[in-house]
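Remarks on the overall topology
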Amino acid sequence: MTNWQNPYENLYENLDGQWLKGNLHTHTAPASPCATISPERVLALYEAKGYDFLSVSDHMRYTAISQPTRLTLIPGLEWNSRTASEDLRQVVFKDHIGLYALDGDLLEQNVRHRTPGQVLQAMADKAVLIVLNHPNWLVPPHYSEEVLLDRYQSIHGIEIYNAVIENWEGHPEATVKWDRILTDKGPVLGFASDDSHRDADIGRAWIMVNAAGNRPADILAGIRAGRFYCSTGVAIREIGRDGDQVFCRAGRQIEIEAVGNNSRVLAASAGELVINFQETEAAYIRFALYGPGKQMAWSQPFFK
């Protein structure tokens with residue numbers, strides 16, 4: 001569902017473009033039974049941390065936000081599978097899928113679907129961004145590499161970092177599974193999120209989107225084009241492509257790795273890294289950045 005060679009093409013020629021900070025995976029109470037914070041408090045906390053946009057993606061329902069906010073709000077919903085005997089809106093910790101669109105009513109229509117196949121088929125021709133959530137949550141288990149590969153044609157991306165899994169069984173980072181998809185199948189977007197349920201979850205992982213404006217349509221267009229990167233604290237200063245060369249620049253204290261097929265590290269440098277496709281056998285190159293403590297960032301991949 002995604003096809004590109006250079007996700008950051010013409011980035012610096014777009015004089016109207018801007019980098020916007022946001023989170024797509026957010027839960028509120030009482031709409032999400034596992035959440036402990038109200039929509040009003042969620043908005044206030046994200047505003048205080050300097051976010052520009054937010055999606056309240058409650059479990060099995062679209063939560064419409066009516067109170068004023070400076071945040072751009074993107075309609076979202078986290079879908080999960082249910083058996084025939086389970087309630088239509090039952091929260092089950094299986095097959096979690098993030099759905100995002102301009103139309104909240106379109107998202108609500110997915111509540112009637114009980115299997116991943118049904119919801120993915122129903123959304124195949126709709127203007128809905130589809131993200132498979134926390135693939136490295138192990139108890140209960142979520143997405144194996146085989147399932148991710150099988151669903152490649154029906155999705156736009158996967159969460160490569162889900163901060164709430166820092167507190168649960170599994171691992172928050174899923175870049176190895178991401179690389180398996182990129183190697184075996186092709187382009188797919190990587191996302192980072194808070195998956196926030198309580199105060200302490202907010203502001204731990206986000207995406208930075210280069211968008212032509214701050215409307216929901218502008219932000220979703222930037223995301224769909226791959227014009228964003230993921231972060232837990234590291235900022236990318238420049239990123240792009242010039243012919244066969246791809247480059248990434250950050251602060252001097254930041255270690256940058258160029259990663260290729262099946263998570264192979266192709267090169268590494270501090271502060272700046274330039275690498276030529278002709279000097280590697282990689283079908284794609286993405287950048288991983290490491291700062292102080294647990295601060296990281298991940299670019300979208302460039303393809304040969």
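What comes next concerns the included structure. The structure displayed is predicted, hence computed values, not measured ones. (Residues numbered from 1 in each chain as written. Predicted model: local features only at pLDDT ≥ 70, side-chain atom pairs only at ≥ 80, totals over all residues. Heavy atoms only, no water.)

Okay, helix α1 (residues 39-48) next. Among the residues of α1, those classed as buried are P39, V42, L43, L45 and Y46. What you see down the axis of α1 is that its buried residues fit within an arc of 165°, all on one side. Structurally, α1 contributes buried residues whose contacts are with β1 (18-23), β2 (53-54) and β3 (72-73). At the exit of α1 stands G50, carrying a positive phi of roughly 80°. (Buried < 20%, exposed > 50% of the residue type's maximum accessible area, 1.4 Å probe, protein only. Helix = DSSP H or I, 4+ residues; strand = E, 2+ residues; numbered from the N terminus. Arc of directions from axis to C-beta. Contact = heavy atoms within 4.5 Å.)

Within this structure, the stated rule accounts for 9 aromatic pairs. For the pair Y46 and Y51, a centre-to-centre distance of 4.8 Å together with 80° between the ring planes defines the contact as edge-to-face. Judged by its relative accessible area of 0%, Y46 is buried. Assessed through its relative accessible area of 0%, Y51 is described here as buried. (Phe/Tyr/Trp six-rings, centres within 6.5 Å; stacked < 30°, edge-to-face > 60°.)

All told, the structure shown has 1 cavity of 30 Å³ or more when counted by the stated rule. For the largest cavity, the calculated volume is near 50 Å³. Taken together, L24, H25, Y100, V131, N133, E159, F191, A192 and S193 make up the full set of residues lining the largest cavity. At 3 residues, strand β8 (residues 189-193) tops the list of elements feeding residues into the lining of the largest cavity. Looking at the lining of the largest cavity residue by residue, the classes come out as 5 nonpolar, 3 polar and 1 charged. (1 Å grid on protein atoms, 1.4 Å probe; cavity = no way out; pocket = protein on both sides within 12 Å on 5 of 7 lines; lining within 4 Å. Points joined across faces, edges and corners; volume = space filled by probe spheres on them. Nonpolar A, V, L, I, M, F, W, Y, C, P; charged D, E, K, R; others polar.)

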